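Breakdown of the fold
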Amino acid sequence: MEMNKVMVIGAGQMGSGIAQVMAQAGLEVLLHDVKEDFVQSGMTKITKNLSRQVEKQKLDPKESEAILSRLRTTIDLGDANEVDIVIEAAVENMEIKKNIFARLDDITQEHTILATNTSSLPITEIAAETKKPERVIGMHFMNPVPVMKLVEVIRGLATSQEVFQAVFDLSKKLNKIPVEVNDFPGFVANRVLMPMINEAIYTVYEGVTSPEEVDQVMKLGMNHPMGPLTLADFIGLDTCLYIMETLQEGFGDDKYRPCPLLRKYVKAGWLGRKTGRGFYVYNE
């Protein structure tokens, strides 16, 4: 199954990163969002990323221009009727994703693959909103997308082998390393990562030690490149909370209960880097 043209839905941090790596791999890319300001912000992020690569002499200026020439923006979801694959990278909310996939089901061509970049929500439930669940799949990129190599390729209950293989092969074309995963809450990455972050938050909540010391222990003792609380701030504490809630609901197991301190920070609006404060204070 050949894929030459892709639509990426959502021009935020993840969506713009996915659009960039798609264009770098030679695909024609439509970057979609609901407002013109949003898609232009996404294009600005991509342009800055490529400019930094040129400045570091990791990318030829002409190649940067070629990559940008393969990108165009749209606020019309109807443009999905001209692509081979749609990758949804909208906000991590089931009702929003269901709505998008139900609309895409009516818009896209028969051969079009519908992929979601969800980090934890059930692929099978999203696919049930369509009349062609065999063409729905999870394609979970890591942040920042241009740097991180892993892609979790997640089969829904009805995902066809042809669609799985096409997305697996596409991931390799993007110079990523795909890993086959079945549809369980949190998949693999967040099922392992988020409880670790949650437990790190508990150690602060219970007064065992400070955020700085937790991160030092995990960096120096476990050889992690980034401490779990620094990572939580980078991901966004609201996202961490949402994923923990998804795990708890999906498995019905209290071992996934979000730490009360995590809930308190989210209610306070201390969401990490994006708000300037989380477990650490960011002045930039």
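Residues numbered from 1 in each chain as written. Predicted model: local features only at pLDDT ≥ 70, side-chain atom pairs only at ≥ 80, totals over all residues. Heavy atoms only, no water.

Defined as follows: UniProt positions are given in the numbering used here, feature names are shortened, and annotations may be inferred rather than shown by experiment.
By the naming in an unreviewed UniProt entry, the chain goes by 3-hydroxybutyryl-CoA dehydrogenase and is assigned to Caldalkalibacillus horti. Per UniProt, the comment on the chain under Sequence similarities (unreviewed entry) is "Belongs to the 3-hydroxyacyl-CoA dehydrogenase family."

**A look at helix α11 (residues 260-268)**
Here is the rule we go by: Burial here depends on accessible area, computed with a 1.4 Å probe over protein chains only, as a share of the maximum for the residue type. Under 20% is buried, over 50% is exposed, and the range in between is partly exposed. Note on conventions: DSSP H or I runs of at least 4 residues are helices, E runs of at least 2 residues are strands, and numbering of each starts at the N terminus. The arc in question is traced by the directions running from the helix axis to the C-beta atoms. We call two residues in contact when some of their heavy atoms are within 4.5 Å.
All buried positions along α11 are accounted for by Leu261, Leu262 and Tyr265. Along the long axis of α11, the arc covered by the buried residues comes to 105 degrees, so they all point the same way. Within α11, the exposed residues directed more than 90 degrees away from the buried face are Lys264 and Lys267. Looking at the buried residues of α11, the elements they touch are α7 (189-205) and α10 (237-251). The positive-phi residue at the C-terminal boundary of α11 is glycine 269, with phi of around 80 degrees.

**Comments concerning the packing of aromatic side chains**
Operational definition: Note on ring pairs: Phe, Tyr and Trp rings are taken, using the six-membered ring of Trp, and paired if centres are within 6.5 Å. Classes follow the plane angle, with under 30 degrees stacked, over 60 edge-to-face and the rest tilted. Here, over-ring charges are defined by two tests on the NZ atom of lysine or the CZ atom of arginine: distance to the ring centre within 6 Å, and angle to the ring normal within 35 degrees.
Tallied over the entire structure, the rule returns 5 aromatic pairs. An angle of 70 degrees between the planes, with centres 6.1 Å apart, marks the rings of tyrosine 202 and tyrosine 205 as edge-to-face. Placement of the pair is tyrosine 202 and tyrosine 205 together in helix α7, with a separation of 3 residues, close to one helical turn. For tyrosine 202, a relative accessible area of 10% puts it in the buried group. By relative accessible area, tyrosine 205 is classed as partly exposed at 45%. Counting every residue linked through ring pairs, the aromatic cluster contains Tyr265, Trp270 and Phe279. The side chain of arginine 155 reaches across the aromatic face of phenylalanine 164, ending 4.0 Å from its centre.

**Here we look at helix α4 (residues 94-107)**
Under the convention used in this document: By this rule, a helix spans an expected 1.5 Å times one less than how many residues it contains. Polar contacts, as used here, are pairs of N or O atoms within 3.5 Å; protein pairs need one atom able to donate a hydrogen and one able to accept it. Residues neighboring in sequence count only if both atoms are side-chain atoms.
With 14 residues, α4 ought to run about 20 Å at 1.5 Å a step, and its terminal C-alpha atoms sit 20 Å apart, in line with that. Those residues of α4 that sit buried are Met94, Lys97, Lys98, Ile100, Phe101, Leu104 and Asp105. With its buried residues spanning 165 degrees around the axis, α4 presents them on a single face. Facing away from the buried side of α4, by more than 90 degrees, are the exposed residues Glu95 and Asp106. Lining the buried residues of α4 we find β1 (5-9), β4 (85-88), β5 (113-116), α5 (123-127), β6 (136-141) and α10. The residue sitting at the N-terminus of α4 and contributing the capping side-chain oxygen is asparagine 93; that oxygen lies 3.0 Å from the backbone nitrogen of glutamate 95.

**Section: the sheet that holds strand β8 (residues 177-182)**
For clarity, the cut-off: The rule for pairing is simple: two strands pair if DSSP sees at least two bridges between them. Helix axes are fitted only over the stretch in contact, all axes being lines through C-alpha atoms; the angle between N-to-C directions runs from 0 to 180 degrees.
Pairing is mixed across the open sheet formed by 8 strands, whose spatial order is β3-β2-β1-β4-β5-β6-β7-β8. This sheet does not close on itself; its edge strands, each paired only once, are β3 (71-74) and β8. The sheet shows a mean angle of 25 degrees between the axes of neighbouring strands, direction not considered. Of the pairings in the sheet, the one linking β5 to β6 comprises 3 bridges and is parallel in character. Looking at β6, one finds that alanine 115 is bridged to isoleucine 137. Sheet contacts for α4: β1, β4, β5 and β6; angle to β5, the most-contacted strand, approximately 170 degrees.

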